[in-house]
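Reading the structure
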Amino acid sequence: MGRYLISDHHFGHSNIIDYCDRPFTSVGAMDNALLDRHYGTVGVDDVLVHLGDVAMDMRDGRTTIEYFEQLGGDLLIAGNHDVGLDPDAAPFPVLDACVLERRGHSFYCTHRPEDVPDAWDGWVIHGHIHNNDLERFPFLAYDDKRVNVSAEVLGYRPIGLDVIADLVEAAAPGDRLRLREDAVDGEANSL
């Protein structure tokens, strides 16, 4: 059983295709690709921690619940587009943030990086920024102790917490990897 993380799927959100320059021609094609990449990565016994914005669901939470259940999600960290979801009515836990531990590393998981408590001195895993400011919020910023798991940055595929821990342990001061593929391919694409 592994633990996987991702944020900002934005299922059903047509404007996100242009806003984040997603490589899809329609919402249907995007939604299908997101689900296919998820199923190809996360097994039924794995745990999915989603760091918010499952869907563009500002009204009643039904779309968020529908897609989160399709993902087999286990824990949702609420994002700014999940505001229609009543955490008490959701059939899964919905939190503002959580801390995950792996191999001696503590990871504060939140949707928006600006919501991290000032006193936190461990690593931060966040979403919200998408691929719109990779200079300040790349996939991995060693000196800032930050990992951006927005869907675009991950190639629309969840990432295992073990992989994040491996990358943190392999990184050195000054390392900044723009995208997940830079780390996976071993070709550092530093800023």
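Read on for a plain summary of the structure. (Residues numbered from 1 in each chain as written. Predicted model: local features only at pLDDT ≥ 70, side-chain atom pairs only at ≥ 80, totals over all residues. Heavy atoms only, no water.)

Topic: the sheet that holds strand β3 (residues 75–77)
The following threshold applies: By this definition, two strands are paired if DSSP reports at least two bridges between them. A helix here means a DSSP run of H or I that spans at least four residues, while a strand means a run of E at least two residues long, and both kinds are numbered starting from the N terminus.
Pairing is mixed across the open sheet formed by five strands, whose spatial order is β4-β3-β2-β1-β10. Each of the sheet's edge strands pairs with one partner strand only, and the pair in question is β4 (94–95) and β10 (159–160). Bridge analysis of strand β2 (residues 47–50) against β3 gives two bridges, and the strand direction is parallel. Bridging from a neighbouring strand, Val49 pairs with Leu75 of β3.

Considerations on the sheet that holds strand β8 (residues 140–141)
Across the sheet, which stays open at both edges, the six strands sit in the order β5-β6-β7-β9-β8-β11 with mixed pairing between neighbours. Of all the strands in the sheet, the pair left with one neighbour each is β5 (97–102) and β11 (176–177). Alignment of strand β6 (residues 105–110) against strand β7 (residues 123–126), held across three bridges, turns out to be parallel. Across the sheet, Tyr108 pairs through a bridge with Val124, a residue of β7.

Quick notes on unusual backbone geometry
Phi at Asp8 is positive, roughly 65°, even though this residue is not glycine. Mapped onto the elements of the fold, Asp8 is located in the loop between β1 (3–6) and α1 (15–19). The phi angle at Asp21 is positive, at roughly 55°, despite the residue not being glycine. In this fold, Asp21 is placed in the loop between α1 and α2 (27–39).

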